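# Coordinates in review
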Amino acid sequence: MSRLFRVGLPALLTLAALALVPAAEATDAAQSVVVSSTPVSYTPNIQDGQVNAVAQAGNLMIVGGTFTSVKEKKAATATAVHEIVAFDSQTGKLDTSFLPDIEGGEVSTISVAPGGQAVFVGGQFDTVNGQPMKRLVKLNLADGSIDPGFKATINSGSWVEDSQVLGNDLYIGGAFSSINGTARGRLAALDADTGALDPNVDVNFATKRQGTLRVAHFDISPDGTKLVATGTFLTADGLDRAQIAILDLTTTPVSVSSWQTNSFKPACSSHFDTYIRDVKWAPDGSYFIIGDTGAFFGGPNAGVLCDSVSRWEGNTSGPGQLPTWTDYSGGDSITQVAVTGTAVYAGGHQRWENNPFAGDAAGPGAVGRKGIAALDPVNGMPFSWNPGRDPRGSGVWALLATSDGLWVGSDTGYIDGLNRNRIALMPVAGGESIPAWNVGTLPGDLWTLGVGTNPTHRSFTGTSAGAQTTLSGTGIDFSQVRGAFMIGSTLYTGQSNGQFLARTFDGTTFGASSVVALNGLTSSQFPIANVTGMFFDPSTERLYYTVSGDTHMYYRYFEPEDNIIGAQTFTISGNGDGLTWNTTSQMIMANGKIYYVVTTGSGANTQQNLWSINFSGGKPVPGTQTLISGPSKGDGQTWAGRGMFVLPS
């Protein structure tokens, strides 16, 4: 029940129809690093209750929720507050001129008004500064007074749960059915100066799945053209939209777009009226992220998204949309997400990530992440960032990425083992840059492992190969390799004993090996000992592989930053596309093609020939197979081996 808003500079976007659309107030700032896992020391301690919302206006942080007492770090006594407080983002010093008196219910959402001199506050409250002011108010930041020019009356028995500014409109979502006496179906837009209803925004969210009919969360794309809304509804303007809909803000009036998904139709626990807990656009608007609750209901095996984080592409349309990736916690709620381009932050009361196959336990592949995690936006795998929130409480109820770092609001007092009561800033300073994952390209130096103990290499252009040279004296037995690939300066190899090894290699010297943790993945789930070829695609961060005697090609996600192997197995080829992979014995991927060795014959008649096939859209393209080299080509090259990689430049 929280929303997070940061002052942004309005911009204009020229659309194909020549209409001018204002940019949305930014919810999360783009960041170039994964933030530090150690919080700053100066944030004030919120002594009770829960933080639901965080906003930033210049250097002023405005925090709302259910609390009544706040104490500066060096103060002898606490300051009494009423569900809202403001403090300096650089020092933590309280702004004692902003102490509005909000009574009768919680603050759920805060959004900064155009110009940055006031904030809109929404929730379940009844009075503000002693005046009847139900569920929505505009407060001046200078002194906490009510702006008398903004008047919006929300129908009784309802509440405002979410808000965001677009141009000079304030969008609000919640359980209301009328604004200023005019019917509105749980979403509305108001003039930011007067509170007058915008007649252009009148989409009716209806047909509740359970609980109270409401728009619980929404986010507007950075270019101001789309709004993703989530809640307890099953229809939007009469169209099938179970728990989620995308609105087209460029039409007059605003309309429901053709985008639709069935992924939130399956039931999770009946305890939750909606199991979508948060939605957030990426800073560049190319995708949005959803965080879910719902309890464990079988994960991907049951086709449900309960207790997960998922990525959805922003430029798709039409029915039946599916997530790009889904990361499961294994039965624990994700309550808030933040997206910075470099990372997806997921807060909740989760204990694990990469845990799709077990409920309330660490299943195969599970990685421990208490109460907060940073995920790779490309594949959803957890980064090594792991400050931990212990105790986890009910969850994280506010996440906001700013130029300073990641603000974390919750109902608990500790993060990274340090006392930061209910509000913490994980700074950009001291954060980790995630490198581009460099894999080899052609022409290049092509290495082969598994023919005897020593590696060999030859030049390879993609169409022709040079003479083969053996690198002796490594002191390493490479005869047991089962597939290989290289990222940057790290060589990864599968082994005949089922281990997955990593070691450095610079083209001359191999480093000592380390065992990559499988985190409980069994040989039936990831049959490393039987792998015949593998490669890594940096654009999708997928590890592709083939298995002895198996006609399919598979992939699973792989995170090079901390060597986390994805728990799920996906079949990408060999299942109705006319391709078979049971004779593959080595593979690389370079320059938009898969180069793979095909073994034919047996005994003295065994031959290994090198073939290529186009690789596009994350999969091999049938009908593009080409013989490149080997006995059948008559070029004098031999291609025996167990693993192959191109040395990155």
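The structure contained in this document is the topic of the report that follows. Bear in mind the structure is a predicted one, so any value in this text is a computation, not a measurement.

For the chain, the helix and strand inventory stands at zero helices and 59 strands. Taken over the C-alpha trace, the chain has a radius of gyration of 28 Å; the compact-globule value for 649 residues is 26 Å, and the two agree within 12%. The buried share of the chain, taken over its 649 residues, is 58%. Partitioning the contacts of the chain with sequence separation of at least 6, the portion at a separation of at least 24 is 54%. Accessible surface, the chain: about 22,500 Å² in total, of which carbon and sulfur atoms supply 50%.

Time to look at the sheet that holds strand E41 (residues 423-427). One open sheet holds the three strands; their spatial order is E37-E38-E41, and the pairing between them is antiparallel. With partners counted over all chains shown, the strands left at the sheet margins are strand E37 (396-401) and E41, one partner each. Here the strands of the sheet are splayed against their neighbours by 20 degrees on average, with no regard to which way each runs. Relative to strand E38 (residues 405-410), E37 runs antiparallel, the two being bridged by five bridges. From the neighbouring strand, Val 396 faces E38, where its bridge partner is Ser 410.

By the definition in use, this model includes twelve salt bridges. One salt bridge in this structure joins Arg 369 and Asp 562, with 3.8 Å as the shortest N-O distance. Placement of Arg 369 in the loop between strand E35 (367-368) and strand E36 (372-375) and of Asp 562 in the loop between strand E51 (553-559) and strand E52 (564-565) is noted, with a sequence separation of 193 residues between them. Since its relative accessible area comes to 7%, Arg 369 is described here as buried. One salt-bridge network, in which partners are shared between bridges, spans Glu 161, Arg 214 and Asp 273.

The strand order across the open sheet formed by three strands is E11-E12-E15, and the pairing between neighbours is antiparallel. The open sheet terminates on both sides in strands that have one partner only, identified here as strand E11 (107-112) and strand E15 (136-140). Mean inter-strand twist for the sheet, computed between neighbouring axes without regard to direction, equals 25 degrees.

Residues Thr 252 and Pro 253 are joined by a peptide bond in cis, for which omega reads -5 degrees. Tracing the backbone through its elements, the reader meets Pro 253 in the loop between strand E26 (244-248) and strand E27 (255-256). At the junction of Leu 442 and Pro 443, the peptide bond is cis and its omega measures out at 0 degrees in the coordinates. Even without a glycine there, the phi angle at Asp 416 is positive, about 55 degrees. Tracing the backbone shows Asp 416 in the loop between strand E39 (414-415) and strand E40 (418-419). We classify Asp 416 as partly exposed; its relative accessible area is 27%. Even without being glycine, Asn 591 reaches a positive phi, approximately 55 degrees. Tracing the sequence through the fold places Asn 591 in the loop between strand E54 (584-590) and strand E55 (593-600). Take Asn 591: its relative accessible area is 47%, and that puts it in the partly exposed class.

Our next topic: the state of the cysteines. Scanning all chains against the criterion turns up one disulfide. Disulfide pairing places Cys 268 opposite Cys 306 at an S-S distance of 1.9 Å. Measuring the twist about the S-S bond at about -95 degrees, one finds the Cys 268-Cys 306 disulfide to be left-handed. Of the two residues, Cys 268 is situated in the loop between E27 and strand E28 (276-281) and Cys 306 in the loop between strand E29 (287-292) and strand E30 (308-313); the sequence distance between them amounts to 38 residues. Here Cys 306 falls in the buried class, since its relative accessible area comes to 4%.

The biggest cluster of nonpolar side chains holds 30 residues, and the ones touching the most others in it are Ile 289, Val 309, Phe 535, Tyr 544, Met 553, Ile 594 and Tyr 596. Elements with a contribution of two residues or more to this core: E29, strand E32 (334-339), strand E33 (344-348), E36, E51, E54, E55 and strand E56 (607-616). Contacts of Ile 594, omitting those with residues within four sequence positions, involve Phe 535, Met 553, Met 587, Ile 588, Met 589, Trp 611, Ser 612, Ile 613, Phe 615 and Pro 620.

About the cut-offs
- Residues numbered from 1 in each chain as written.
- Predicted model: local features only at pLDDT ≥ 70, side-chain atom pairs only at ≥ 80, totals over all residues.
- Heavy atoms only, no water.
- Helix = DSSP H or I, 4+ residues; strand = E, 2+ residues; numbered from the N terminus.
- Rg over C-alpha atoms; globule rule 2.2 N^0.38 Å.
- Buried < 20%, exposed > 50% of the residue type's maximum accessible area, 1.4 Å probe, protein only.
- Contact = heavy atoms within 4.5 Å.
- Areas by Shrake-Rupley, 256 points an atom, 1.4 Å probe, with all protein chains shown as cover.
- Pairing = 2+ DSSP bridges.
- Axes fitted to C-alpha atoms, helices over the stretch in contact; angles between N-to-C directions.
- Salt bridge = Lys/Arg side-chain N within 4 Å of Asp/Glu carboxyl O.
- Disulfide = S-S within 2.5 Å.
- Core = buried A, V, L, I, M, F, W, Y, C linked by side-chain atoms within 4.5 Å.

Everything listed is a geometric property; what it means functionally is a separate question.
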